[in-house]
Amino acid sequence: MTEPPMHSSDDIVLLHYKLAEDGSGDPLRAQDLIDFFVATNRSPKCPCCPHEGAWDFSLQTVEGEGEGEGSKNLPLSIYVHVMIDGQRHTTAGMTCPKCGHFAQISTYKIREFQASRGK
Ligand SMILES: [Zn+2]
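Residues numbered from 1 in each chain as written. Predicted model: local features only at pLDDT ≥ 70, side-chain atom pairs only at ≥ 80, totals over all residues. Heavy atoms only, no water.

## Digging into the coordination of the zinc ion
At the metal site, the zinc ion is ligated by C46 (SG), C49 (SG), C96 (SG) and C99 (SG), and these contacts range over 2.3 Å. Considering all four donor atoms around the zinc ion, the spread of angles at the metal, 104 to 116°, places the coordination shape in the tetrahedral class. Read in sequence order, the donor residues coordinating the zinc ion give the pattern C-x2-C-x46-C-x2-C. Of this pair, C46 sits in the loop between α1 (30-40) and β1 (56-57) while C99 sits in the loop between β3 (88-95) and β4 (102-106), and the two are 53 residues apart along the sequence. (Donors = N, O, S within 2.8 Å, 3.2 Å for Na, K, Ca; no water. Tetrahedral: all angles 85-135°; square planar, octahedral: opposite > 155°, others 65-115°. Helix = DSSP H or I, 4+ residues; strand = E, 2+ residues; numbered from the N terminus.)

## Some points on the confidence of the model for the protein chain
The predicted model of the protein chain has a mean per-residue pLDDT of 88, with 87% of residues at 70 or higher. When mean pLDDT is compared element by element in the protein chain, β4 scores highest at 98, while helix α2 (residues 107-116) scores lowest at 93. (pLDDT = per-residue confidence, 0-100.)

## Some words on α2
When we look at burial in α2, the residues that qualify are T107, Y108, I110, F113 and Q114. Along its buried surface, α2 packs onto α1, β2 (78-82), β3 and β4. Where α2 terminates, the next one or two residues include G118, which has phi positive at roughly 75°. (Buried < 20%, exposed > 50% of the residue type's maximum accessible area, 1.4 Å probe, protein only. Contact = heavy atoms within 4.5 Å.)

## Overview of the pattern of salt bridges
Taken as a whole, this structure holds two salt bridges when the rule is applied. Among the salt bridges present, the one from E21 reaches R111, with a minimum N-O distance of 2.7 Å. Of this pair, E21 sits in the segment before α1 while R111 sits in helix α2, and the two are 90 residues apart along the sequence. Note on R111: relative accessible area 24%, which makes it partly exposed. One salt bridge connects K109 with E112, and the closest N-O pair in it is separated by 2.5 Å. Within this pair, K109 and its partner E112 are both found in helix α2, separated by three residues, close to a single helical turn. For K109, a relative accessible area of 33% puts it in the partly exposed group. (Salt bridge = Lys/Arg side-chain N within 4 Å of Asp/Glu carboxyl O.)

Structure representation (structure tokens):
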């Protein structure tokens, strides 16, 4: 059996994307998160309970976008974390419909994915 590799300073990746959404440009939407999950092969399984499948996305309510076909692609609600040095880090959020476990996804990873797709 091989030992798992030790962590080293090579593990530190300098960020080339802004950690935080600043509200400019097109908002991230539900479909952007789904596309990111598909591309990264993220598991739909909850780490806290037996649920495996759809999660409740935190979505913004937008006037005129709440009903019909478009209602499934609403903008994601964006959570803002403020670090001790004042730097901001934003995330999208989703809740396990069975146990309520709340998971957050760093928005910069979604933007990074979109950039790699030329979006
Ligand atoms: Zn769960």
